[in-house]
Amino acid sequence: MAESVYKVIELIGTSKDSWEKAAKSAVERAGESLRDLRVAEIVKLDMQLDEEGKVETYRAKLKVSFKFEG
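Reading guide: rules and limits
Residues numbered from 1 in each chain as written. Predicted model: local features only at pLDDT ≥ 70, side-chain atom pairs only at ≥ 80, totals over all residues. Heavy atoms only, no water. Helix = DSSP H or I, 4+ residues; strand = E, 2+ residues; numbered from the N terminus. Buried < 20%, exposed > 50% of the residue type's maximum accessible area, 1.4 Å probe, protein only. Contact = heavy atoms within 4.5 Å. Salt bridge = Lys/Arg side-chain N within 4 Å of Asp/Glu carboxyl O.

- Labelled according to an unreviewed UniProt entry, the chain appears under the name Flavin-binding protein dodecin, originating from Nitrobacter winogradskyi.

Set out below in structure tokens:
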């Protein structure tokens, strides 16, 4: 079996509804321009708050790996 090399990038996805949707949107968007996505690791979850302290946006920071062709 041939050896492979994978590149890792960081992405931040956002959603008005949940962290799960934020992470999913980041991976799906990356999949539109990157091939052979392999692993997505959630690194950090946070929220943006409005002036009243209410949740405005859920944010998920991910490390995503894909097969390096170069």
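**What to know about the side chain of threonine 57**
Turning to step 1, where the next piece is worked out: In this fold, threonine 57 is placed in strand E3 (residues 55-67).
Turning to step 2, where the next piece is worked out: Taking relative accessible area as the criterion, threonine 57 reaches 8% and is therefore assigned buried.
Turning to step 3, where the next piece is worked out: Here threonine 57 is in contact with Thr14, Ser15, Lys16, Asp46, Met47 and Gln48, once residues within four sequence places are set aside.

**So, unusual backbone geometry**
Turning to step 1, where the next piece is worked out: We note that aspartate 36 has phi near 60°; this positive angle belongs to a residue other than glycine.
Turning to step 2, where the next piece is worked out: Checked against the element boundaries, aspartate 36 lands in the loop between helix H1 (19-31) and strand E2 (37-49).
Turning to step 3, where the next piece is worked out: Since its relative accessible area comes to 36%, aspartate 36 is described here as partly exposed.

**Here we look at the pattern of salt bridges**
Turning to step 1, where the next piece is worked out: One pass over the full model with this rule turns up six salt bridges.
Turning to step 2, where the next piece is worked out: Here lysine 24 ties to glutamate 28 by a salt bridge, and the two come within 3.8 Å at their closest N and O atoms. Highlighted residues: lysine 24 and glutamate 28, both in helix H1, separated by four residues, approximately one helical turn.
Turning to step 3, where the next piece is worked out: The residue arginine 59 makes a salt bridge to aspartate 46 at a minimum N-O spacing of 2.8 Å.

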